[in-house]
Amino acid sequence: MDFCKIDKFQRKIKRIIITKDEIKAAVKKAGEIINSLYDGKPILLISILKGSFIFLSDLCREITVPCEIGFIAAKSYYKDTQSSGIVNITLDIQQDISKYHVIIVEDIVDTGRTLNDVAKLIKSRNPISFKVITLLDKPDRRIVDFDVDYSLFTIPDVFVVGYGLDYGEYYRNLPYIAEFSE
Ligand code: 5GP
């Protein structure tokens, strides 16, 4: 094991901004709200990969009403900490959306471009209803005016990793959200 490399890796974590316990409590509350709003309704949770996979897996286990899960992959960030401005849909969902109340599950809303594009695509398929839940919201960075229905945490304009969010595909497995410095 290369301990120098591990140390360098860890030094890029500047500070924890949302702890594991804070995330757990907020995800539980979000699940309770979904349970009360969607009782008896067919729900399709659509996770935007890859960043939201941990949020989705924790959130769906707080949901007690029957729900289906779908995945969509949209990429707008590459290896650096700046948005490329290009959103590509690289994986689409299989379900017939018109049969469901759709809830998009997103990791973070930054410029809003990704959600704006994904929302347009999903809405064009006529879901019974459409809502967006995001783990994190960075309103200071918004370029596209996009209204999120439920945001668990609002954060300042810093680049974050952990709980599904990556830098160059690393750090997704951290159990907390941390500020990252290159
Ligand atoms: P947007 O299209 O809103 O600019 O960006 C959305 C996507 O950019 C997110 O789904 C996420 O993958 C990535 N992103 C935006 N801000 C951050 C950040 O602070 N950290 C990480 N790891 N990814 C981010």
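Residues numbered from 1 in each chain as written. Predicted model: local features only at pLDDT ≥ 70, side-chain atom pairs only at ≥ 80, totals over all residues. Heavy atoms only, no water.

**Some remarks on the overall build of the chain**
Next, step 1: The secondary structure content of the chain amounts to four helices and nine strands.
Next, step 2: Counting helices and strands in the order they occur from the N terminus, the chain gives α-β-α-β-α-β-β-β-α-β-β-β-β.
Next, step 3: Within the chain, the proportion of its 182 residues that are buried is 47%.
Next, step 4: Sequence-distant contacts, at least 24 apart, represent 67% of the contacts inside the chain between residues at least 6 apart. (Helix = DSSP H or I, 4+ residues; strand = E, 2+ residues; numbered from the N terminus. Buried < 20%, exposed > 50% of the residue type's maximum accessible area, 1.4 Å probe, protein only. Contact = heavy atoms within 4.5 Å.)

**A word on the sheet that holds strand β8 (residues 160-161)**
Next, step 1: Here we have three strands laid out as an open sheet, ordered β1-β9-β8, and antiparallel in their pairing. Every other strand in the sheet has two partners, leaving β1 (13-18) and β8 as the edge strands with one partner each.
Next, step 2: Of the strand pairs in this sheet, β1 and strand β9 (residues 177-180) are connected by four bridges, and their pairing is antiparallel. Looking at β9, one finds that I13 is bridged to F180. (Pairing = 2+ DSSP bridges.)

**Thoughts on the nonpolar core**
Next, step 1: Core analysis: the largest hydrophobic core is formed by 30 residues, its most contacted members being F55, L59, I133, L136, L152 and I177.
Next, step 2: Every element with two or more residues in this core is listed here: α2 (20-37), β2 (43-49), α3 (53-60), β5 (101-109), β6 (129-137) and β7 (150-154).
Next, step 3: Non-local contacts of L59, meaning those with residues more than four positions away in its chain, are made with V27, A30, G31, I34, V105 and I133.
Next, step 4: Membership of the second largest hydrophobic core comes to 18 residues, among which are I97, V118, A119 and F130. (Core = buried A, V, L, I, M, F, W, Y, C linked by side-chain atoms within 4.5 Å.)

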